[in-house]
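# Per-entry structural report
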Amino acid sequence: MSELEDLYQEMILGHAKAPRNFGRLEPCNAQAQGYNPLCGDRIGVSLLLSDGRIADVRFDGAGCAICTASASLMTESVKGRTRPEIDAVFHRVHDLVTGKGNRDDPLLGKLAVFGGVSEFPMRVKCATLPWHTLNAAFDQSSTPVSTE
Amino acid sequence: MNNSAPLPGSGALRAEFPILERKVHGQALVYLDNAATTQKPRCVIDKLTECYTQWNANVHRGVHLLSQEATEHYEGARSVVARFIGAKTSDEIVFVRGATEGINLVAQTLGRTLLGAGDEVLITALEHHSNIVPWQLVCRERGATLVVCPITDAGELVPGAFESLLTPRTKIAAFTWVSNALGTVNPVAGMCAAAQRAGAITFVDACQAVPHFRVNVQTIGCDFLVFSGHKVYAPNGSGVLWGRKAVLDTMPPWQGGGDMISSVTFEASTWNRVPHKFEAGTPDYPAAAGLATALTWLDAVGMERVQAHETALLALATNRVGELPGVRIIGTAAQKASVLSFVIAGIHPHDIGTILDRKGVAIRAGHHCAQPVMDRLGLPATARASFGVSNNSADIDALVDSIRMVQKLFGS
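Read on for an overview of the structure.

About the thresholds
- Sequence order sets the numbering: in each chain, residues are counted from 1 along the sequence as written.
- Whichever chain is written first becomes A and whichever ligand is written first becomes 1, with later ones labelled in order.
- Under the rules for a predicted model, residues below a pLDDT of 70 receive no local features and side-chain atom pairs below 80 are neither given nor counted, while totals for whole chains, interfaces and linings still include all residues.
- Only hydrogens and water are removed before side-chain values are computed, so all heavy atoms of the structure are retained for them.
- Every helix listed is a DSSP run of H or I at least four residues long, and every strand listed is a run of E at least two residues long, numbered separately from the N terminus.
- Our radius of gyration is a C-alpha quantity, and the globule rule it is checked against amounts to 2.2 Å times the number of residues to the power 0.38.
- A 1.4 Å probe rolled over the protein chains alone gives each residue an accessible area, and that area as a share of the maximum for its type sets the label: buried under 20%, exposed over 50%, partly exposed in between.
- It only takes one pair of heavy atoms within 4.5 Å for two residues to be counted as in contact.
- Should DSSP find at least two bridges between two strands, the strands are taken to pair.
- Lines fitted to C-alpha atoms define the axes, with helix axes restricted to the stretch in contact, and inter-axis angles between N-to-C directions lie between 0 and 180 degrees.
- In this description, buried area is defined as the sum, over both parts, of the accessible area (probe of 1.4 Å) that is lost when the two are combined.
- Throughout this description, the term salt bridge denotes a Lys or Arg side-chain nitrogen within 4 Å of a carboxyl oxygen of Asp or Glu.
- Here a polar contact means two N or O atoms within 3.5 Å. Within protein one must be a hydrogen donor candidate and the other an acceptor candidate, and residues neighboring in sequence count only if both atoms are side-chain atoms.
- Any residue with an atom within 4 Å of a point lines the site, the site being either a cavity, points on a 1 Å grid over the protein atoms alone where a 1.4 Å probe fits but cannot get out, or a pocket, an open set with protein on both sides within 12 Å along at least 5 of 7 lines.
- Grid points are joined across faces, edges and corners, and a volume is the space filled by probe spheres set on the points.
- Throughout this entry, Asp, Glu, Lys and Arg are counted as charged residues, while Ala, Val, Leu, Ile, Met, Phe, Trp, Tyr, Cys and Pro are counted as nonpolar. The remaining residues, Gly among them, count as polar.
- In these notes the angle categories are as follows: under 35 degrees is roughly parallel, over 145 is roughly antiparallel, 65 to 115 is roughly perpendicular, and the rest is oblique.
- Here is the rule for handedness: rotate from the far helix to the near one, and if that takes an anticlockwise turn smaller than a right angle the crossing is left-handed, while a clockwise turn gives right-handed.
- By convention in this document, the label disulfide applies to cysteine sulfur atom pairs within 2.5 Å.

## Thoughts on the overall build of chain B
Check the secondary structure of chain B and you find 14 helices and 17 strands. The globule rule puts the C-alpha radius of gyration for 412 residues at 22 Å, and the 22 Å found for chain B is close to it. Counting over 412 residues, chain B shows a buried share of 58%. The long-range share in chain B, meaning contacts at least 24 apart out of those at least 6 apart in sequence, stands at 71%.

Right, here's the structure in full:
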């Protein structure tokens, strides 16, 4: 498989074309906006938190295939989880896309599909922007999060 | 014109660019990001080496031979630039780090003294951020208003809008000659004439003009013009602010330091004459010498040949890329130079850029430091191929082939 085919795997293209949990959650009790000024990716994440767990989550905005697929797969991954559990997953995702992780890590599940990103350092921020935005929503940050 | 100079796009001319010999991801480099920065011909690279191996010394200072030679190279470069853009005297050439610094210089000197509450600075919706933010800053400080001339869906100024926005309150009109995001060529001579009739100072951003066609400040009739050296085959750190001497003479200094003073005491200092008044500190004389080399080289190739070659390339690229299914050209002005912005249905420009890069094709993907242009056209970003003197039709073939590959990979 070429590096490009590894980056743009079927699952990533599928989620980019038909993202899951797309839109704004209403009502929600936490939300944040994320922005990558380098490429113009914008992601909004809205959360419904219940007893410290994500009861529901949606994202909206416009981004590249990597960013959109990352947001889509992230929303699937984090539903029902607590923040510490999500922190642990994001830690593995971050390691994975920066070339320090392992695709076979069971905690990653479907998110292992982002392993190809590590060969494209300029695209790491595309994959991590949704996660940073999710963290900002948790923090109820009033200012948009930026990858810069 | 030196008829022995190689033709634009020819193998002989491409051989003058050492970087074109390198491989990118195992592929031949197809460099189509000239609007961001240009690659350098060997003579420019050699000029920098010559400086540091032969005549490096601080300018305007030493009594020793090296300083004298460095000063001759630096001031000689000023004369070359003056001739290249049709300035009446080399005293009108202020060396700056790049266009951004030149714009800030005028905004912070002339802008601060000229603008008062209720005054207006007129720009256009096509500007690069560097021709928006410096004016925004000085307008905020002086209580003045930034007025923006709108554009059409094609990326041209709305007909008559620029003239209708000129009022007695318009103190400065600052606009780009060629849009870096869309390639639109503005009718700058007419805009300068209209603005001057309204009593405004005119300021032209010529970054995307100087590399592509003959620029003459007398023909345009502007008061100021800036361009960056690195976009015209010259070293980074070189840039030019040209201003009419009568206007430059009225302006207060900008940065304080060495070279810009005539005398200094703790009570007060007096300023050196124009242009040195605006060149505080040790200037980047190697870059200035490299700029003169680049402009002399470009003159030998011939600006008329450069323009004819790039016009033909842009037309070819517009046809070839535009006929691909699902591809839309962004910016369809009647007059364009060097820039082909496009989007592909369902594929983000950032993904296009990554995939093209793996084929060795270097383009820009993003907002091109012109977010208001993107907002106006309702796009988060575009992919942009921009052409220069070394590009040829084989580069267009590579661009088209790699766009087809993007579409194949994305199954569209």
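## Regarding the sheet that holds strand E17 (residues 382-386) of chain B
All names here are of chain B. With antiparallel pairing, four strands are arranged side by side in an open sheet as E13-E14-E17-E16. With one partner strand each, in any of the chains shown, strand E13 (327-330) and strand E16 (364-366) form the two edges of the open sheet. Mean inter-strand twist for the sheet, computed between neighbouring axes without regard to direction, equals 30°. Contacts between helix H11 (residues 303-322) and the sheet are confined to E13 and strand E14 (339-344), with E14 contributing the most and set at about 5° to the helix. Most of the contacts of helix H12 (residues 349-358) go to E17, to which it runs at about 45°, and overall it touches E14, E16 and E17.

## Remarks on the interface of chain A and chain B
Counting residues at the interface gives 22 residues for chain A and 16 residues for chain B. The contact between chain A and chain B buries some 1400 Å² in all, and 57% of this surface belongs to carbon and sulfur atoms. It is A:Leu4, A:Tyr8 and A:Cys39 that lose the most area in chain A upon contact with chain B, and together they represent 33% of the buried surface on that side. Of the charged contacts in the structure, one is a salt bridge between B:Asp351 and A:Arg123, with a shortest N-O distance of 2.8 Å. Counting every contact that joins chain A to chain B gives 11 residue pairs in polar contact (both at pLDDT 80 or more).

## Notes on the sheet that holds strand E5 (residues 120-124) of chain B
Residue and element names in this part refer to chain B. In space, the seven strands of this open sheet follow the order E4-E10-E9-E8-E7-E5-E6, with mixed pairing throughout. Each end of this open sheet is capped by a strand with a single partner; those strands are strand E4 (93-96) and strand E6 (145-149). Strand-to-strand twist in this sheet, taken as the mean axis angle between neighbours without regard to direction, amounts to 20°. Here strand E8 (residues 201-205) runs beside strand E9 (residues 224-228); their pairing, made up of three bridges, is parallel. The partner of Phe203 across the bridge, within E9, is Phe224. Set on the sheet, helix H3 (residues 65-85) makes contact with E4, E9 and strand E10 (239-243); between it and E4 the angle comes to about 115°. Sitting on the sheet, helix H5 (residues 133-142) is in contact with E5, E6, strand E7 (170-176) and E8, with an inclination near 145° to E6.

## Focus: empty space enclosed by the protein
All names here are of chain B. If you walk through the whole model with that rule in mind, you get one cavity of 30 Å³ or more. By volume, the largest cavity amounts to about 40 Å³. Lining the largest cavity are Phe17, Leu20, Tyr31, Asn34, Gln39, Tyr233 and Ser390. Split by residue class, the lining of the largest cavity holds four nonpolar, three polar and no charged.

## Focus: the packing of H11(B) against helix H14 (residues 393-409) of chain B
Residues and elements named next belong to chain B. H14 packs onto H11 with a crossing angle of 20° between their chain directions and a minimal axis gap of 10 Å. In terms of axis orientation, H11 runs roughly parallel to H14. The two elements H11 and H14 cross, and the hand of that crossing is right-handed. Across from Leu313, Leu316, Ala317, Arg320 and Val321 in H11, the residues of H14 making contact are Ser393, Ile396, Asp397, Leu399, Val400 and Ile403. For the contact of H11 with H14, the per-class residue count stands at eight nonpolar, one polar and two charged.

## Re the layout of surface pockets
Each pocket or cavity is described by its volume, and for the largest pocket that value is around 650 Å³. Along its surface, the largest pocket is lined by 23 residues, and A:Met122, B:His350, B:Thr354, B:Ile363 and B:Ala365 are the ones closest to its centre. If you list the elements that add at least two residues to the lining of the largest pocket, you get H12, strand E15 (361-362) and E16 of chain B. A per-element tally of the lining of the largest pocket places H12(B) first, with five residues. Looking at the lining of the largest pocket residue by residue, the class counts come to 11 nonpolar, five polar and seven charged.

## Concerning H12(B)
All names here are of chain B. In terms of burial, H12 is a largely internal element, nine of the 10 residues being buried. Three or more residues of H12 are buried, namely Pro349, His350, Asp351, Ile352, Gly353, Thr354, Ile355, Leu356 and Arg358. Immediately downstream of H12, the backbone of Gly360 shows phi near 85°, a positive value.

## Description of the state of the cysteines
Evaluated as defined, the whole model comprises zero disulfides over all chains. Its sulfur unpaired, A:Cys67 is 5.3 Å from the next cysteine sulfur, which belongs to A:Cys64. B:Cys192 takes part in no disulfide bond, and the closest cysteine sulfur to it belongs to B:Cys222, at a distance of 5.0 Å.

## Quick look at unusual backbone geometry
A cis geometry characterises the amide bond from A:Glu26 onward to A:Pro27, with omega recorded as 0°. In this structure, A:Pro27 sits in the loop between helix H2 (10-17) and strand E1 (30-36). Here the amide bond leading from B:Val274 into B:Pro275 is cis, since omega sits at 10°, within 30 degrees of zero. Positionally, B:Pro275 belongs in the loop between strand E12 (269-271) and helix H10 (285-301). One non-glycine residue, B:Ser338, lies in the positive phi region at around 70°. Relative to the helices and strands, B:Ser338 is located in the loop between E13 and E14.

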